[in-house]
Amino acid sequence: MKTKLAAMTLVASLLASSAAWAAVTVRYYNRDSRDHSWSVVCSGVKTSVTFGKSQTASVTIQGSGPCSVKTDAGTVVLKGGEDLEIKNGRIQVK
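First things first, this report covers the structure right here in the doc. What you see as residue numbers is a count from 1 along each chain, following the sequence as written. A pLDDT threshold of at least 70 governs which residues receive local features in this predicted model, and a stricter bar of 80 or more applies before side-chain atom pairs are shown or counted, although totals over entire chains, interfaces and linings include all residues. Hydrogens and water are ignored here; the side-chain numbers use all heavy atoms of the structure.

### A short note on unusual backbone geometry
Leaving glycine out, the prevailing phi sign among residues is negative, and the prevailing peptide bond configuration is trans.
(1) Moving on: In this model, Gly65 is joined to Pro66 through a cis peptide bond whose omega is 0°.
(2) Moving on: Helix and strand definitions follow DSSP, with helices as H or I runs of at least four residues and strands as E runs of at least two, each counted in order from the N terminus. Position of Pro66 relative to the elements: it lies in the loop between strand E4 (55-62) and strand E5 (67-71).
(3) Moving on: Phi is positive for Ser43, which is not a glycine, with a value near 55°.
(4) Moving on: Residue placement: Ser43 occurs in the loop between strand E2 (36-42) and strand E3 (45-51).
(5) Moving on: Three exposure classes are used, based on accessible area relative to the maximum for each residue type with a 1.4 Å probe and protein chains only: buried under 20%, partly exposed in between, and exposed over 50%. The exposure class of Ser43 is partly exposed, given its relative accessible area of 46%.

See below:
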């Protein structure tokens, strides 16, 4: 009985913590000389993401993919692992 209870507790805690591991990470190169902050919808949750000016970096968006990034130039869908180039306020997936 103790073994079953311990196993069930372990499974329940793993399932509860799996949401914390859900994230979409992308690598980007921002060629613009200004930061870009855009709204993002992941797993039905709206948040924002900021891409730093004139730099190559990675950014992690909390939530499971795919995520929709809404820019002035349109919506870009990210699943995770993409390489992005940002130029003139537009995201291009490489």
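### Notes on the packing of aromatic side chains
(1) Moving on: When the centres of two rings from Phe, Tyr and Trp lie within 6.5 Å, Trp using its six-membered ring, the rings pair. Their planes under 30 degrees apart give stacked, over 60 give edge-to-face, and anything left gives tilted. Under the criterion given, the structure shown has two aromatic pairs.
(2) Moving on: An angle of 85° between the planes, with centres 4.8 Å apart, marks the rings of Tyr28 and Phe51 as edge-to-face. In this pair, Tyr28 is assigned in strand E1 (residues 23-30) and Phe51 in strand E3, connecting sequence segments 23 residues apart. Phe51 carries the same exposure label as Tyr28, and that label is buried.
(3) Moving on: Centre to centre, the rings of Trp38 and Phe51 are 5.7 Å apart; their planes meet at 55°, and the pair counts as tilted. Here the residue Trp38 occupies a position in strand E2, and Phe51 occupies one in strand E3, the gap between them amounting to 13 residues.
(4) Moving on: Through pairs of rings, three or more aromatic residues link up here, namely Tyr28, Trp38 and Phe51.

Remember that the coordinates give geometry; whether it matters functionally is a separate question.
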